[in-house]
Structure formats: C-alpha cells, structure tokens
Amino acid sequence: MFQKTSFTTLIVGVFVVYVLHTCWVMYGIVYTKPCDRPRAEGCIGSYLADKPRLQLSIYTTLKPNGNGGQNLILKVDDFDINSKFERKINVSLPKKTRNNGTLYTLVFVHQAGVSPWQDSRQVHHVSQLTTYMLPKPPEVSLISGQEDQQPPEQQKRVSDGPTKPVSHWRSRLTLNIVSEDFIFDREAIPSDVHRYLRVIQNGKKMVYLPLLFVDELSNRVKDLMEINSSTIELPLTISYDTISLGKLRFWVHMQDAVYSLQQFGFTEKDADEIKGIFVDTNLYFLALTFFVAAFHLLFDFLAFKNDISFWKKKKSMVGMSSKAVLWRCFSTIVIFLYLLDEQTSLLVLIPAGVGSIIEVWKVKKAFKIQVFWSGIKPCFLFGKLDESEKRTEEYDAQAMKYLSYLLYPLCIGGAAYALIYVKYKSWYSWLINSLVNGVYAFGFLFMLPQLFVNYKLKSVAHLPWKAFMYKAFNTFIDDVFAFIITMPTSHRLACFRDDVVFLIYLYQRWLYPVDKSRVNEYGVSYDEKPPAKEHED
C-alpha cells in the first residue's frame, strides 16, 4: 500500500532536519530577546550607559586566586571601551614558572583612581599565560646533518626521547568587552551570559557591570614559546577590542566545546585545529562554511554509499583501470601515514584511516584476491582474468607506460630537492613527505589511464557514475572555497585540475552513450523490469 522509501531518501531527510535544527539553535545563540519594558523593575540596564571613568589593570600571579604575589604588567588609566588597541610588553617570569610551573593573569576593569582590590564595582577575569605541551622535535638536514640551533637544556630533553609535557608561553592575550547598551530581562538571562554577569544596585535600578571576556580561542599553537630555566622574560601581545553580545555568546559556546574536547583526551594541537576554524574565519563566512561543510558531508556519505554498493556487486574488471585502483589505495595510505606523522587532529585522522581500509578492500576486489590461512601464515590466491579483462589490462598497461615517462622524473626530482634543501625530523619524515608531495602534486595524473581505457573501449558503462557525481559536487565546493579563501595560485590550480579530468569524463559519457536497450548478462535491459519470481507451492 505504501511506496518503499529508499535509504538515500531517508538520509537526505535526516540531513534536512539536522540543518534546520542547527539553524534554530544558532539563532537562539546569536539572538537575545531584550526586556520589553526598559524601565520596569524586572529589567537590568548597563552600567556603561552612564559612561563612568574606567581603568584597565593587568597583573600576573602564580595562583588563580591572586594569593601567589601580584605583578602589575599593564595599566590603562583612561580606559575607553570603544577604542581598540594592541600593546607589546615583556613579562618577567618567576622562578617557579621557569621550572615548569604555571603563571596566571588577572585582568581588572574598575573605577579610575581606585585600587581594583578595594573597588566593589570591579570585574575581573583569570586566565592562564602558560600551557603544557610536548616539546617540538628538532629538524635536521639529512644531507649535511646540520641541526636547528636549540638551547642545551632543550637538546638534552629531546635526546632523552619522548618526555612529559613541558610549560609553554602563550604570547597573546586578547580581551573583549560588550559595548552595546543591551537591557536584559531578569527572568530570561541566557545561561552562557550569566557566568559573566555581575549585577549591582545603582540607586533605584539594577545594572550589570561591564561584560569582560578573555578570548581563549585566539591562543594558537603557532604562538606558543617553550619555557626553560634560562628564560628570564618573554614577550606578550595584549589586544583589546569590543564585541557584540551575539558574538560573545557564540564564542562562549565554542570555548566550552573546545574545553570539553580537551577533557576527553584531545591534545593542545587537536584543539588548535578546531580553533583555527573559528578564529581565522569571519563570523558570517563561518556560517556559510557550516552549510557548505554539511553538504560536503552529505555528498561524502552518498559517494561512499554508492561506491561501496558498486564494488560490492562488481564481478568483472572489464573497462576498469586496475592501476588506478591500486594507485588510489597507495595514495590514501600515504596521506594517512603523513597525517599520523604530523600528529594531525583525530577529527581528520580517523576518517583517513577508515578510507584507507576501504581502498585496501577495493584492491582485493579488483585483483580478485582470496586470503587463506595455513596455520599462522597467510596465503594469497589471485583470480584469473577472462579475455575481455585481459584486453582492458593491455590498454591499462599501455597508458601507464606513456604516463611513466612524465611521472617518474617529476617524483624523483621533487624527492631530491626535498632531501637537499628541506629539513625534516627523520628519514621516515622525509620519505613520507616526499611521497605525500608526489601524491598531492601528481596524483591527478593517475586518473588519466581510466580515460585512456574508456577511449580504447569506446564505453563508459562500467564506471560508478553516481559516486562520480557526488565526488564531483564535493570537488566543485572545494574549488569555490579555494578562490574565496586566500590561497596560493598553485593550490587554486591544483583544486581545478580534477575538474578538468571530470569534464573529460562527462564528454566521454556524451560521446559513448549507454545503450539502454542492450540486454545485460542477466537477460534484462535498462528499459525492462526484471521478471518476478514465481512463488513455490
């Protein structure tokens, strides 16, 4: 009675619901409903509306409660919240901090001319100026053996092998204050703002003190500096700017998300990958990126589903380039090993590992490999090719022969250049980096043998076109962002080269149309429905 719903339709429906729900949640974060009657008793106005004279004072301390001794590092007497600034200062490090200890900063916004410790109307925020991370191993020239210059203490620490995390200096401190005169409803204060909201009685009305926010997302791994016992002082860049209430709430949620990931075992470098998504991107462009990433994920899933379905039913390799399948497996494994060597975020590493396993499975299907176990020793049996498959292999080998004249000199030259002019941590890193550079730079060339096979056979009916289309959509999305985001010209050209190959595929599909009236190996054509099975009595 009811028409059967396909799995793809179900997934697309769930995706649409997820996007709409996310939009509603994001709207609830960015938009805050103001108090309907500003002069009512249930409304809380801003202390900044009366334009008081303020002062900014920043201290360093060994304890977050300020009892570890305070050292004033910056004071702005006439602090104008609407005037952004950036100051670079040198901060003296206590002995405990130099010996792998922690240093905190206390940021006060208080009344001008009054000590922050005696001001009842001050607001403050505590933040760490240090964090713990594994020291970066030195890079060495594999030809000359010349190593990067490092302090003796650091060289000894690295020579001892992997050690515990050491203290690193956060060289940036970013401060924000909500400048807009927003009136809160006392009964509807958002929970994310409540922790920053301090309310006082000012005459007959309730007002909230300035919403001070320390931007932890701006603390990036690239700005960290390792601390050792010989370091007396280190530079600190203090930046200040205003922030809107909507952006403040969004930033608070993002900081909480990054903190939660770190509690689940994500390292500082893993968290930095996520911070870069938000810090390096405009807020409106970030919203666009979310939608694009969501569609990218959907197309990835649909391409994955159709690719698996195609190869699961695949019994013959007629018209398919086995060399291209083998190269795809090799390149995916190389990229996975490269990400593993670079200690990339688990968010990227896990999908790359799963993709490598799938590509190995496709190689097993393509070469008809059967695995048998003789005790603890695995034995491999390769299936035989029929006449049609042998003809395809001949065309494939011919294409690879022509391609090798161009590919091998380029790869060898690139590896030699990296060996002479670039420094790496080890020979393994040089090998993996050379391989991955070859994959990224010349990987698209291995798509050409399949085009050659299509040309020789005058057919494209053997290709998984649904998976091709979904992958092409994702490639187009990557191309658009390569031009929107500031990227080198070589990277932009690299993004578009796959599109050129896919356009040739489309031209071949138009040039060699599939004859839907032709009967396949099951005795059924595209225009006919398969005969219904008779029920046995």
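As the structure is a computational prediction, the values presented were derived from the model and not from experiment.

Asks: Is there a simple way to explain the sheet that holds strand β5 (residues 104-111) in this structure?
Replies: Adjacent strands of a sheet pair through backbone hydrogen bonds, lying either parallel or antiparallel. Read across the sheet, four strands follow the order β3-β2-β5-β6 without closing on themselves; strand pairing throughout is antiparallel. Strand pairing shows two members of the sheet lacking a second neighbour, β3 (71-76) and β6 (123-128), which therefore form its edges. Along the sheet, successive strands turn relative to each other by an average axial angle of 15°, direction set aside. Bridge analysis of strand β2 (residues 54-61) against β3 gives five bridges, and the strand direction is antiparallel. Considered in β3, the bridge of Thr60 is made with Asn71.

Asks: I would appreciate a short explanation of the state of the cysteines in the present structure.
Replies: Cysteine pairs can be linked by a disulfide, which is a covalent bond between their two sulfur atoms. This structure, assessed with the given rule, holds one disulfide. Disulfide pairing places Cys35 opposite Cys43 at an S-S distance of 1.7 Å. Between Cys35 and Cys43, the disulfide has an S-S torsion of -55° and is therefore left-handed. Grouping residues by exposure puts Cys35 and Cys43 together as buried.

Asks: Explanation requested: the sheet that holds strand β9 (residues 172-178) in the structure shown.
Replies: Spatially, four strands are ordered β4-β15-β9-β13 in an open sheet, and the strand pairing comes out mixed. The sheet is open, and its two edges are formed by β4 (85-92) and β13 (212-214), each paired on a single side. Along the sheet, successive strands turn relative to each other by an average axial angle of 25°, direction set aside. Where β9 meets β13, three bridges bridge the pair, whose relative direction is antiparallel. Bridge assignment links Leu175 to a residue of β13, and that residue is Val214. Across the sheet, helix α5 (residues 245-263) lies against β9, β13 and β15 (233-243), angled at about 40° from β13, the strand it touches most.

Asks: I tried to follow the side chain of Arg249 on my own but got confused; where do I start?
Replies: Tracing the chain through its elements places Arg249 in helix α5. The exposure class assigned to Arg249 is buried, which follows from its relative accessible area of 8%. There is a polar contact of 3.2 Å between the side chain of Arg249 and the backbone oxygen of Ile29. For Arg249, the side chain forms a polar contact with the side chain of Thr32, separated by 2.8 Å. Not counting residues within four places of it along the chain, the set of residues in contact with Arg249 comprises Gly28, Ile29, Tyr31, Thr32, Pro190, Asp192 and Val193.

Rules of the game
Residues numbered from 1 in each chain as written. Predicted model: local features only at pLDDT ≥ 70, side-chain atom pairs only at ≥ 80, totals over all residues. Heavy atoms only, no water. Pairing = 2+ DSSP bridges. Helix = DSSP H or I, 4+ residues; strand = E, 2+ residues; numbered from the N terminus. Axes fitted to C-alpha atoms, helices over the stretch in contact; angles between N-to-C directions. Disulfide = S-S within 2.5 Å. Buried < 20%, exposed > 50% of the residue type's maximum accessible area, 1.4 Å probe, protein only. Contact = heavy atoms within 4.5 Å. Polar contact = N/O pair within 3.5 Å; in protein donor to acceptor, adjacent residues only side chain to side chain.

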